[in-house]
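This is what each chain is made of:
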Amino acid sequence: MPYSDVNLSKSQSIKDLTSNTEESVASRRMHRERLLEEAALGQVSCEIESGKIISLTKVIKKLIGEVDVNTSLYDLFASADELKEIKLILRAGGPITQRELQLIRPADGQLIWINFTALPAEDGKTFDAMLRDISRQQESLVELQRVNQELDNFVYHSSHDLRSPLRSILGLVQILKLDRDEKTIDKCLLMIEESVDRLDGIVTEMLSLSRNRHLHDSIQNVNMLVEVNQAIEHFYTVIEDRGLLFKTDIRQRIPFFSDVARVRIILNNLISNSIKFRESGVSSPYVSVSVRCNSKKLTLTVQDNGVGIPKDKHEKIFEMFVRANEKSSGSGLGLYIVKHVVEKLEGSISVQSTEGEGSVFTVELPNLAPQVK
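Calculation notes
- Residues numbered from 1 in each chain as written.
- Predicted model: local features only at pLDDT ≥ 70, side-chain atom pairs only at ≥ 80, totals over all residues.
- Heavy atoms only, no water.
- Salt bridge = Lys/Arg side-chain N within 4 Å of Asp/Glu carboxyl O.
- Buried < 20%, exposed > 50% of the residue type's maximum accessible area, 1.4 Å probe, protein only.
- Pairing = 2+ DSSP bridges.
- Helix = DSSP H or I, 4+ residues; strand = E, 2+ residues; numbered from the N terminus.
- Axes fitted to C-alpha atoms, helices over the stretch in contact; angles between N-to-C directions.
- Contact = heavy atoms within 4.5 Å.
- Core = buried A, V, L, I, M, F, W, Y, C linked by side-chain atoms within 4.5 Å.

(A) Looking closely at the pattern of salt bridges. Inspection of the entire model under this criterion finds 10 salt bridges. Put simply, R105 and D108 hold a salt bridge, and the shortest N to O gap is 3.6 Å. When its relative accessible area of 18% is taken as the criterion, R105 is described as buried. Residue class for D108 comes out partly exposed when judged on its relative accessible area of 47%. Look at the salt bridges and you will find they share partners, linking E82, E85 and R99 into a network.

Shown next, in the form of structure tokens:
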């Protein structure tokens, strides 16, 4: 075989080997990027001093948006102090591991939480970083902390509210044991009944709160005329005893679809509040319930001429255990429950009230009828 032919063969083999190696490297690189993408991990390479982005993967582009050649990763840091600390560590050649921080997305200015891990390159001039979006986890954590705080508050106040009527009952029982006078017995029994009613009301409100958290949405056609009448019938005895006049104005010409169980919770609590805070000095106390419905929403208004709510409490009455009136023996859970139920239905609630003149509560709920146009 001629020498030239052998050289040609070796040269061709080297080219083939180089080509195969390049293809193999490219394939591994694509495979690695695919793995990072599947794991929702983004990789970015930057200059240590300027933070200028040298290269980035698709996940990073999804996270922070499209960037130009002059974009600095440092410009996206929400905290200047945190950025200063990170730069000091990178300059010293140290790694940054699992740091949770916030970036500002350039396109819309939205704050996003990321998990940030970075390692300087051997040249000491650049660094590679791995970023993971943890915004949802952070939101869940904040919500969990809020719920825990709320739970602590709930346990503290509810235990006090439950013990108060129980201690009253215990005291009255002791009186009954010592005093056999019929008038005393009748008075004690009446007071025990009132304490039991109060306990029942507190437990009912607790169950409503729990039910709202765990109810599975069951969207159905809600006949508001029926629901309002049933709610009034529920309080019929109380209304009759107190001489309350009920006014209703229900206008529902098209179907209204919602979660009927939650709608009932809203109605019962608002009507109960209007009855509970009746003004004793008013000659003609009333509670007015009106409903308006269209293809987009239902508007429920419950109005009364009761004691009203002080202006400084308008914003606080929807908080847990806040009583609109200091003379009230209620648990302070009613309006809190209503607000949470309304929010669960993606609606809104507002109040207009003047102390000594009465209150107007307005609830707006979306009409979830699929066929409504």
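(B) View of the sheet that holds strand 2 (residues 53-56). The strand order across the open sheet built from five strands is 2-1-5-4-3, with neighbouring strands paired in antiparallel fashion. Only two strands of the sheet have a single partner each, and these edge strands are strand 2 and strand 3 (96-104). The average undirected angle you get between the axes of adjacent strands in this sheet is 30°. Here three bridges tie strand 1 (residues 41-47) to strand 2, and the two strands are oriented antiparallel to one another. Within strand 2, the residue paired with V44 across the bridge is L56. Relative to strand 3, helix 3 (residues 80-91) is tilted by about 145°, and along the sheet it contacts strand 3, strand 4 (111-120) and strand 5 (126-133).

(C) View of the nonpolar core. In terms of nonpolar packing, the biggest core is built from 41 residues, with I266, L270, L300 and F361 touching the most fellow members. Broken down by secondary-structure element, the contributors of at least two residues to this core are helix 6 (224-234), helix 8 (260-276), strand 9 (286-293), strand 10 (297-304), helix 9 (334-344), strand 11 (348-354) and strand 12 (358-366). Membership of the second largest hydrophobic core comes to 24 residues, among which are I48, L90, A118 and A129.

(D) Molecular detail of the sheet that holds strand 7 (residues 245-251). As summarised here, the arrangement of the five strands in space is 7-9-10-12-11, forming an open sheet in which the pairing is mixed. The two strands at the open ends of the sheet, each matched to only one other strand, are strand 7 and strand 11. Each adjacent strand pair in this sheet contributes to an overall mean axis angle of 10°, direction not counted. Bridge analysis of strand 7 against strand 9 gives seven bridges, and the strand direction is parallel. By the bridge assignment, L245 is partnered in strand 9 with Y286.

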